[in-house]
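Fold and geometry: a report
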Amino acid sequence: MSNFATKLQGVMNVAKTKLELEEQDQDEAADFNVQSFLALIQLLSQVKSRRAKSRDQLYQSSGTAVPDKLLEGMDERFELADLAYDEHESGDDLKTVLGRMGKSLLKHDKTAVPGYLGHYIAIDSDPSKKEAVIGVKGTSNMEDFLTDMCAASVEYNLTDAFYEGGSLALRCHEGVFISSQRLAKELLPFIQNLLLPAGYKITVVGHSLGAGCATLLAILLRAAVPSLQDPDRLNVWAFASPPVLDYNSAVACSPFVTTVVNNCDVVPRASIGPLVVTGRMLRVVDRKLTEKNLDASDFRSTMAFLDKMWEGNDGEMLMSVDEVSAELDNALDGVELEDPDHLYVPGKVVLIGIDYTINDESTVFEAVEKFAAYNVGCLVTKDATGKLSGVISERDYVTKIALLGKTGKTTKVKQISTKAANLVTASPNDTVDACMEKMLSRDIRHLPLVDDEGQVVGIISIKDLIKSCLEEKEHTIHSLASFAVGEGGHFVM
């Protein structure tokens, strides 16, 4: 265990060294303490509440719309990746579930040791389809976590380039590469002697750690078998992959790897680059706290800092939104893409956000699918021009479809939705009390969040409000109880 801890500490030391070198260049030192971290979290939350669409706008300006063709079969690929965990919601075993999907299980390895990942191999039951699936298990136990911890960027040399004109040198995640190398050694004879002679194309799928391993496994297979460098013969679907490759190698994977990232998932961002950027932002926040006498250096500044935290999102910002944006740009500009210590998610990256809207010409069944996929009970409806036209909720489905014996597959959303004329909305800047009053006065359970530009940025439910109220009450009770037993009180200086 100490060896794994040493490797993780090595990664942290690399980030620390980069920040210390910057401090020397700028002739300043930063104290990364708890208050700087808490202040940064509050600041980012305030930015989100004031410019709720900023992240979506950043995503849109950084890429292009995903072609529908690229997403074909993605749902099934995700289910195949999830099956590698061998924990299907139905309770059925892997062989049974794959059978329902029209696939036959050939191999299932549940080995759980550091540096080796469980996996399965399945082929289509229909011989004419000729597709084999290799599913690689992600992090689910301590052994997998230890593999994750070996996260240093290490250089390896391949026997042959994995793409035409490519280098033999490869920088990658140490733990994932070791696991992939062992897996490739085990699977290569099976692939060469059975799957390829029989004309099978190969799809490798994985989630989290399994996604990173799926990519590196494919790289090793392409390097060992030149015919697999044809994307039609070997492709990868990597869901929530951690950063595993140097910049050039990650880009070179684009023809055969599709990485799917769910909105703000932290796993694909877990590398030294974002860590260094966070360190730079903490340095800026620490400086601002000192300037405003909120640095907790004495009793007065400590109380002032606690008051500041108590203000939450509604309080005055430590920096303006524009200042935060400018400082973040400066922090990002200092990241060298080809820095050998920085790793990236591989291939084409598909970023999936939560869309709380649905076209009112869609079927009710499509709305129910979104309810289930996003775990929400309400969607905002839009007309053909993209203008907000109303809302549809689970209650609408129960009272206007299920109880009347209608079918959601033939009924359009606009036939049962609440129209815009009767719609109650909230602003991201509204207080919890204001939202609660709106819901209670109209006997509704959901409020669409609409920004100043009329864009839907989310949906808040009665459950969200109750949870917030309970948290506030618990905090108040705890403070009063602590004061009563002499543990201290809250003072305003």
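These figures come from a predicted structure and were not determined experimentally.

1. A short note on the confidence of the model for the protein
Overall, the prediction assigns the protein a mean pLDDT of 82, with 86% of residues at 70 or greater. The spread of mean pLDDT over the elements of the protein runs between helix H1 (residues 2–26), the lowest at 53, and strand E6 (residues 201–207), the highest at 96. Considering only residues more than four positions removed or in separate chains, one finds that residues 483–493, a stretch of pLDDT under 50, has 12 contacts.

2. Notes on the nonpolar core
Membership of the largest hydrophobic core comes to 47 residues, with the highest contact counts inside it found for Ile134, Leu170, Ile202, Val204, Ile219 and Leu245. Sorting elements by how many residues they give to this core places helix H8 (residues 209–224) first, with 11 residues. Not counting residues within four places of it along the chain, the set of residues in contact with isoleucine 219 comprises Leu158, Phe162, Leu170, Leu245, Cys253 and Phe256. By size, the runner-up hydrophobic cluster in this structure holds 18 residues, among which are Val47, Val277, Val284 and Phe305.

3. Description of the environment of leucine 209
Considering the arrangement of structural elements, one finds leucine 209 in helix H8. Its relative accessible area of 1% is what places leucine 209 among the buried residues. As for leucine 209 and alanine 238, which are separated by 29 residues in sequence, their C-alpha atoms are 9.4 Å apart.

4. A few points about the packing of aromatic side chains
The geometry of two aromatic rings is summed up by the distance between their centres and the angle between their planes. A full pass over the atoms with the stated rule returns 6 aromatic pairs. The interplanar angle of 75° and the centroid separation of 5.2 Å between the aromatic rings of phenylalanine 78 and phenylalanine 239 together place this pair among those described as edge-to-face. Placement of the pair is phenylalanine 78 in helix H4 (residues 74–83) and phenylalanine 239 in strand E7 (residues 234–239), with a sequence separation of 161 residues. Accessibility expressed as a relative area gives 5% for phenylalanine 239, which makes it buried. Both rings, one in tryptophan 237 and one in phenylalanine 239, keep their centres 6.2 Å apart while their planes meet at 20°; by these two values the pair is stacked. The two residues tryptophan 237 and phenylalanine 239 agree in class, both being buried.

About the criteria used
Residues numbered from 1 in each chain as written. Predicted model: local features only at pLDDT ≥ 70, side-chain atom pairs only at ≥ 80, totals over all residues. Heavy atoms only, no water. pLDDT = per-residue confidence, 0-100. Helix = DSSP H or I, 4+ residues; strand = E, 2+ residues; numbered from the N terminus. Contact = heavy atoms within 4.5 Å. Core = buried A, V, L, I, M, F, W, Y, C linked by side-chain atoms within 4.5 Å. Buried < 20%, exposed > 50% of the residue type's maximum accessible area, 1.4 Å probe, protein only. Phe/Tyr/Trp six-rings, centres within 6.5 Å; stacked < 30°, edge-to-face > 60°.

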